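As a plain string of letters, each chain reads:
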Amino acid sequence: MKKLLCAFLALLLLSLSLTSCGLTVQRPDIKEGEFDVSITYEVNGEIKTLNLVYICEYAGVDLTLDGTSYRSWNGHFDGYEDGDVIPVLETENGKVALCFLIYPEYFMGEPDYATDFFPHVLTNYIYYEDGVEMIDDDQEHIAESYGVKIIGCEYDTPIENEFGMFK
């Protein structure tokens, strides 16, 4: 009886420790994807279109500060090392860049991102003041001062992904 109780307690402790390691987080069926993103913008009266490919990859399970586990994703634009910031105009004091507010979770079918999120783009003026990088994200000011404004953004629809314990 004592051995049975010890075995039961050992199994209980093992299962509790495994659940805190993220084993209860459901894994995705589809772990990577590529999505077309097209942004049309104007620079000093000239209309330009940037066609990009956004690459999403499942990165495994991560922990939050409170110890809960969640699915983690990585995303980046093909050919751009600076992630979601793409410069479109250089000035003598800084640069105007397109800043994409885009998440791989949205494209990869994460349930929490299905209805409340959509990708969008901002123009930011990035400059240095006393050696510190500063950002101006006033869209009207950037359009008036630097002649850069966003006309439109189109992107692929997210996939329908399935999530389960044994994937």
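Residues numbered from 1 in each chain as written. Predicted model: local features only at pLDDT ≥ 70, side-chain atom pairs only at ≥ 80, totals over all residues. Heavy atoms only, no water.

A. Looking closely at the sheet that holds strand β2 (residues 32–43). Spatially, β4-β3-β2-β9 is the arrangement adopted by the four strands of the open sheet, whose pairing is antiparallel. Both edges of this open sheet fall to β4 (69–77) and β9 (148–155), since each of them pairs with a single strand only. Going from strand to strand, the sheet's axes swing by 30° on average, the running direction of each strand aside. (Pairing = 2+ DSSP bridges. Helix = DSSP H or I, 4+ residues; strand = E, 2+ residues; numbered from the N terminus. Axes fitted to C-alpha atoms, helices over the stretch in contact; angles between N-to-C directions.)

B. Structural context of the sheet that holds strand β5 (residues 85–90). Within the open sheet, the four strands sit side by side as β5-β6-β7-β8. Their pairing is antiparallel. Of all strands in the sheet, those bounded by a partner on one side alone are β5 and β8 (132–136). Neighbour to neighbour, the strand axes of the sheet diverge by 35° on average, direction disregarded. Pairing geometry for strand β6 (residues 94–101) and strand β7 (residues 120–129), over eight bridges, is antiparallel.

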